[in-house]
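Listed here are the chains, written in short residue letters.
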Amino acid sequence: GAVVSQHPSRVICKSGTSVKIECRSLDFQATTMFWYRQFPKQSLMLMATSNEGSKATYEQGVEKDKFLINHASLTLSTLTVTSAHPEDSSFYICSAQGVARGLANEKLFFGSGTQLSVL
Amino acid sequence: ILNVEQSPQSLHVQEGDSTNFTCSFPSSNFYALHWYRWETAKSPEALFVMTLNGDEKKKGRISATLNTKEGYSYLYIKGSQPEDSATYLCALAPYGNKLVFGAGTILRVKS
């Protein structure tokens, strides 16, 4: 099956620093990538949708200047948490939708997630 | 705000038991329903994507049914094995592939 690689799996950083999370589709071209986060004991919540070569679309309540998303190629999307603060500590996970897979009933392929802890 | 409810929150069963979980969603907002299996430290793995009312899908010992009119889906596991231990997520796709997830059902199978 399709593989999505997400790195790093865990990061601990000081408050005020920026953290970049990478998500790569290894054996298919991902036209669209979705970024989710999950706070403890809560559901995965969609943060933003990124399409290759265009600006990301952010969900209501997600600050676009704080969570910078770049999807410059069909195999790589990055999420940068800028000036991270303790309240940004969460589990972040990406999922990818492939080329010619534009139907809503297609399976998505997920990375393994990144646990961010901001001290 | 769409709400996807999963029950139970967690479940402990003995090896060999059959079990089932429920996913409830607003019946007025439906395009597709996804089921995922998520083991700790791994990627969520797609089990089923269901679109038609009355649909039934099967993968090995796992099967799922869908009722879009009343807004629920059941996931069944026959003869649970320890390797079935995972969190089972359902997600509603009201439009496109922007999924609205439930909180998951944690299954632990004891040998």
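Structure's up top.
Rules and cut-offs
- Residue positions within a chain follow its written sequence, with the count starting from 1.
- Going through the entries in the order they are written, you letter the chains from A and number the ligands from 1.
- Local features in this predicted model are restricted to residues of pLDDT 70 or higher, and side-chain atom pairs are both shown and tallied only at a pLDDT of 80 or more, whereas totals for entire chains, interfaces and linings draw on every residue.
- For side-chain calculations, the full set of non-hydrogen atoms in the structure is used, while hydrogens and water are omitted.
- Helix and strand assignments come from DSSP, with helices taken as H or I runs of at least 4 residues and strands as E runs of at least 2, each series counted from the N terminus.
- Residue exposure (1.4 Å probe, protein chains only): buried if accessible area is under 20% of the type maximum, exposed if over 50%, otherwise partly exposed.
- Definition used in this section: a nonpolar core is a set of buried Ala, Val, Leu, Ile, Met, Phe, Trp, Tyr and Cys residues joined via side-chain atoms within 4.5 Å.
- The contact criterion used throughout is that any non-hydrogen atoms of two residues lie within 4.5 Å.
- Any pair of cysteine sulfurs within 2.5 Å is marked as a disulfide.

A. Focus on unusual backbone geometry. Look at the link from A:His7 to A:Pro8: it is a cis peptide, with omega at -5°. Put simply, B:Ser7 and B:Pro8 share a cis peptide bond, and its omega is -5°. Counting through the fold element by element, B:Pro8 comes out in the loop between strand E1 (5–7) and strand E2 (10–14). Backbone geometry places A:Lys41, a non-glycine residue, at a positive phi of 65°. Mapped onto the elements, A:Lys41 comes out in the loop between strand E4 (30–38) and strand E5 (45–51). The residue A:Ser83 is not glycine, and still its phi comes out positive at about 45°. Tracing the sequence through the fold places A:Ser83 in the loop between strand E8 (76–81) and strand E9 (90–98). By relative accessible area, A:Ser83 is classed as partly exposed at 33%.

B. Expanded view of the nonpolar core. Within the largest apolar cluster, 25 residues are counted, with the highest numbers of intra-cluster contacts made by A:Val4, A:Trp35, A:Phe67, A:Leu79, A:Tyr92 and A:Leu116. For this core, the secondary structure elements donating two or more residues are strand E2 (10–13), strand E3 (19–25), E4, E5, strand E7 (67–73), E8, E9 and strand E11 (114–118) of chain A. Apart from the residues lying within four places of it in its own chain, the contact partners of A:Tyr92 are A:Gln6, A:Ile21, A:Tyr36, A:Arg37, A:Met47, A:Phe67, A:Leu79, A:Gly113, A:Thr114 and A:Leu116. Counting 22 residues, the second-largest nonpolar core is a separate cluster that includes B:Leu11, B:Phe25, B:Ala64 and B:Leu92.

C. Here's a closer look at the state of the cysteines. Scanning the entire structure with this criterion turns up two disulfides over all chains. Linked covalently through their sulfurs, A:Cys23 and A:Cys94 form a disulfide whose S-S length is 1.7 Å. Its S-S torsion of about 65° marks the bond between A:Cys23 and A:Cys94 as right-handed, since a negative value means left-handed. One end of the pair, A:Cys23, is in strand E3; the other, A:Cys94, is in strand E9, with 71 residues separating them in the sequence. You'll find A:Cys23 and A:Cys94 in the same group, each marked buried. Here B:Cys23 connects covalently by a disulfide to B:Cys90, the sulfurs 1.9 Å from one another. One quick way to see it: the torsion about the S-S bond of B:Cys23 and B:Cys90 is about 70°, and its sign makes the bridge right-handed. Placement of B:Cys23 in strand E3 (residues 19–24) and of B:Cys90 in strand E9 (residues 86–93) is noted, with a sequence separation of 67 residues between them. Each member of the pair, B:Cys23 as well as B:Cys90, is classed as buried.

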